[in-house]
Amino acid sequence: MSLSNESTDPTPTTRQDSRPGFEDTEPDNSMREFYELYQELLLITLVLTGIIFFSVWIFYSLNIALNYLLGACTGVVYLRMLAKDVERLSGEKKQLSKTRFALLVGVILLASRWNQLEILPIFLGFLTYKATLLIYVVRGAFASDLSKFR
């Protein structure tokens, strides 16, 4: 029972909610920016992975390069899971899930049990997505510095 005369009907929060039957329409501006950022980070991660994989193969061995690639693929899956988790954030869900960390723990445990896998290249491969974030931040900092001089 409500004491006020205001309606308690839910109000649409986005353009998608306001028009029934148009659930697959274009997302609002902030979500579009999020998807563009995600695509850019994924592309940079994949390019870095390829460059580092071939460099490790040339300077070390194929086995170590494949261990790195396993870790880098785990990092890409982790990045994808993180993006899906961020995408689900809403008014009622205010926290990110911590289950995606189990992915890294599982791969490290697998590497510790299987003799042909090496933990360090796998872990460093996993951290490739962090290098992507570092590149993105540094590039953004330089872009903002250049715009100040204009």
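Please read these numbers as outputs of a predicted model, since none were measured by experiment.

A word on the packing of helix H2 (residues 29-59) against helix H3 (residues 62-87). At a minimum axis separation of 9 Å, H2 and H3 run at an interaxial angle of 175 degrees. The angle between H2 and H3 places the two elements in the roughly antiparallel class. Here the contact of H2 with H3 is built from residues that sort into 23 nonpolar, two polar and two charged.

Next up on the list: the UniProt feature "transmembrane region" (unreviewed entry) in the protein chain. Under the present numbering, the feature "transmembrane region" (unreviewed entry) in UniProt falls on residues 41-60, 66-83 and 120-142. Helix and strand shares over residues 66-83 are 100% and 0% respectively, and the end C-alpha atoms of the span are 25 Å apart.

What follows is about the pattern of salt bridges. Considering all chains together, one arrives at three salt bridges under this definition. Where Arg139 meets Glu40, a salt bridge forms, and the shortest distance between an N and an O atom there is 1.9 Å. Here Glu40 lies in helix H2 and Arg139 lies in helix H6 (residues 128-148), a separation of 99 residues in the sequence. Of the residues examined, Glu40 reaches a relative accessible area of 25% and is grouped as partly exposed.

Reading guide: rules and limits
Residues numbered from 1 in each chain as written. Predicted model: local features only at pLDDT ≥ 70, side-chain atom pairs only at ≥ 80, totals over all residues. Heavy atoms only, no water. Axes fitted to C-alpha atoms, helices over the stretch in contact; angles between N-to-C directions. Helix = DSSP H or I, 4+ residues; strand = E, 2+ residues; numbered from the N terminus. Parallel < 35°, antiparallel > 145°, perpendicular 65-115°, else oblique. Nonpolar A, V, L, I, M, F, W, Y, C, P; charged D, E, K, R; others polar. UniProt positions renumbered as here; feature names shortened; annotations may be inferred. Salt bridge = Lys/Arg side-chain N within 4 Å of Asp/Glu carboxyl O. Buried < 20%, exposed > 50% of the residue type's maximum accessible area, 1.4 Å probe, protein only.

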